[in-house]
Amino acid sequence: FVYLEDKLTSEIVYLQQQPQYTFNYNGGDDILRFDLHFVKNRVPVVSTVIQNTSVHENNQLNYQIPIDAMIDPDVALGDVITYTAKSFDGSPLPAWLTFESSSRLFIGTPANENVGNITVQVNATDSKGANVSQVFQIEVINVNNPPAVINQVPMQNATEDTNFAYSLPSNTFN
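This structure is a prediction, so every number in the text was calculated from the model and none was measured.

## Focus: the packing of aromatic side chains
Right, on to step 1. Here the structure, examined in full by the defined rule, presents three aromatic pairs.
Right, on to step 2. Ring geometry for Tyr63 against Phe136: centres 5.6 Å apart, planes inclined by 45°, an arrangement best described as tilted. A residue pair is termed long-range when its members are at least 10 positions apart, and Tyr63 in strand 7 (residues 61-64) and Phe136 in strand 13 (residues 131-141) qualify at 73 residues.
Right, on to step 3. Look at Tyr63 and you get buried, because its relative accessible area is 14%.
Right, on to step 4. Summarising the aromatic geometry, the rings of Phe106 and Phe136 are spaced 5.5 Å apart at their centres and angled 70° between planes, so their arrangement reads as edge-to-face. Note that Phe106 is positioned in strand 11 (residues 105-108) and Phe136 in strand 13, a separation of 30 residues in sequence. Grouping residues by exposure puts Phe106 and Phe136 together as buried.
Right, on to step 5. Feature note: the residues Tyr63, Phe99, Phe106 and Phe136 constitute an aromatic cluster, connected by ring pairs.

## Some remarks on the sheet that holds strand 10 (residues 97-100)
Strands belonging to one sheet form pairs held by backbone hydrogen bonds; the direction of such a pair is parallel or antiparallel.
Right, on to step 1. Pairing within the open sheet is antiparallel, and its three strands lie in the order 7-11-10. Each of the sheet's edge strands pairs with one partner strand only, and the pair in question is strand 7 and strand 10. Each strand axis lies, on average, 15° off the axis of its neighbour in the sheet, ignoring direction.
Right, on to step 2. Across four bridges, the pairing between strand 10 and strand 11 is antiparallel. Bridge pairing in strand 11 links Glu100 to Leu105.

## Side note on the pattern of salt bridges
Right, on to step 1. Counted under the stated rule, the structure contains one salt bridge.
Right, on to step 2. Here Arg42 makes a salt bridge to Asp74, at a shortest N to O gap of 2.7 Å. Placement of the pair is Arg42 in the loop between strand 4 (30-37) and strand 5 (45-46) and Asp74 in the loop between strand 8 (70-71) and strand 9 (81-87), with a sequence separation of 32 residues.

## Section: the side chain of Thr53
Right, on to step 1. For Thr53, the position within the fold is in strand 6 (residues 53-56).
Right, on to step 2. Apart from the residues within four sequence positions on either side, Thr53 is in contact with Leu61, Tyr63, Phe136, Gln137, Ile138 and Glu139.

## Here we look at the side chain of Glu57
Right, on to step 1. On the secondary structure map, Glu57 appears in the loop between strand 6 and strand 7.
Right, on to step 2. For Glu57, which is buried and forms no salt bridge, the nearest opposite charge comes from Lys86, at a distance of 29 Å.
Right, on to step 3. From its side chain, Glu57 meets the backbone nitrogen of Val143 in a polar contact 2.9 Å long.

## Comments concerning the pairing of strand 6
It is a general feature of regular strands that their side chains alternate between the two faces of the sheet.
Right, on to step 1. Residues Thr53 and Val55 line the buried face of strand 6, whereas the alternating positions Ser54 and His56 sit on a face that is not buried.
Right, on to step 2. Two elements, strand 6 and strand 13, share four bridges in a ladder whose sense is parallel. Across the sheet, Thr53 pairs through a bridge with Ile138, a residue of strand 13.

## Focus on unusual backbone geometry
Glycine aside, residues mostly have negative phi, and peptide bonds are mostly found in the trans state.
Right, on to step 1. For Arg104, which is not glycine, the phi torsion reads 60° and is therefore positive.
Right, on to step 2. Along the chain, Arg104 turns up in the loop between strand 10 and strand 11.
Right, on to step 3. For Arg104, a relative accessible area of 12% puts it in the buried group.

Calculation criteria
Within each chain, residues carry numbers counting from 1 in the order of the written sequence. It should be noted that, the model being predicted, local features are given only for residues of pLDDT at least 70 and side-chain atom pairs only at 80 or more, the latter also being counted only at that level, while totals for whole chains, interfaces and linings use all residues. To get the side-chain values, take all heavy atoms of the structure and skip hydrogens and water. Each pair of aromatic rings taken from Phe, Tyr and Trp, with Trp reduced to its six-membered ring, is defined by centres within 6.5 Å and is described as stacked if the planes are under 30 degrees apart, edge-to-face if over 60, and tilted in the remaining cases. Helix and strand labels come from DSSP, where a helix needs a run of H or I of at least four residues and a strand needs a run of E of at least two; each type is numbered from the N terminus. Think of it in three bands: with a 1.4 Å probe and only protein chains considered, a residue is buried below 20% of the maximum accessible area for its type, exposed above 50%, and partly exposed in between. Two strands form a pair only when DSSP identifies at least two bridges running between them. Axis definition: a line fit to C-alpha positions, over the contact stretch in the case of helices; interaxial angles, taken between N-to-C directions, run 0 to 180 degrees. The term salt bridge refers to a side-chain nitrogen of Lys or Arg lying within 4 Å of a carboxyl oxygen of Asp or Glu. Contacts: residue pairs with any heavy atoms within 4.5 Å of one another. The positive count covers Lys and Arg only, the negative count covers Asp and Glu only, and His and the chain ends enter neither. Within 3.5 Å is the distance limit for a polar contact, defined as a pair of N or O atoms, with the added protein rule that one can donate a hydrogen and the other accept it, and that residues adjacent in sequence qualify only through two side-chain atoms.

Now the structure itself:
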C-alpha cells in the first residue's frame with residue numbers, strides 16, 4: 001500500500017483510495033498546505049454511440065465515426081487514443097472494406113456477393129493499453145440487377161405461316 005501520514009493528526013491515508021488529499025505541515029511558525037493529486041490511468045469511455053449505416057452494392061462507402069465516439073479522460077495528461085476495427089467475431093474486416101485509423105474512416109465498395117449485414121467492432125486503446133469498444137452494423141443493400149446473357153442463343157429459322165416454338169436453355173441468363 002502507498003499511504004501518507006499526517007504528522008499533526010497522525011491520520012493515515014491510503015492513496016489508492018483518495019484521488020485528492022490535503023495535509024498540513026507545521027514547520028515552526030509556518031504552516032504549509034499541500035494538495036496532492038494522484039491520477040492513475042483511466043479507461044477510455046463511450047461518449048457518442050456509433051450509428052449503423054448502409055451502402056448500396058457497387059457504391060462506395062465513406063463512413064467516418066465521430067471524433068467523440070470514444071474519448072480518453074486522460075487526454076489532458078498526454079494520453080492518446082488509437083483506433084482499430086475488425087469484424088465482431090474477431091476476424092478481419094471483409095476484403096472490400098478498409099479502416100483508416102488516423103481519420104476514423106471506413107472506405108470500400110461492396111459487390112453483389114457482399115449483400116447483407118456486417119457487424120463491426122471499433123476499439124479505442126489509450127497509450128497505457130486501456131481500451132473500450134463499440135459495435136455497429138453496415139448494411140449492404142441489394143440492387144436489382146438486370147439479367148445478363150451468359151450463353152448466346154443460336155440462330156433459329158422459322159417458316160412463314162407455320163407455328164414456331166423454341167425453349168431457351170436454363171443457362172441462357174444469369
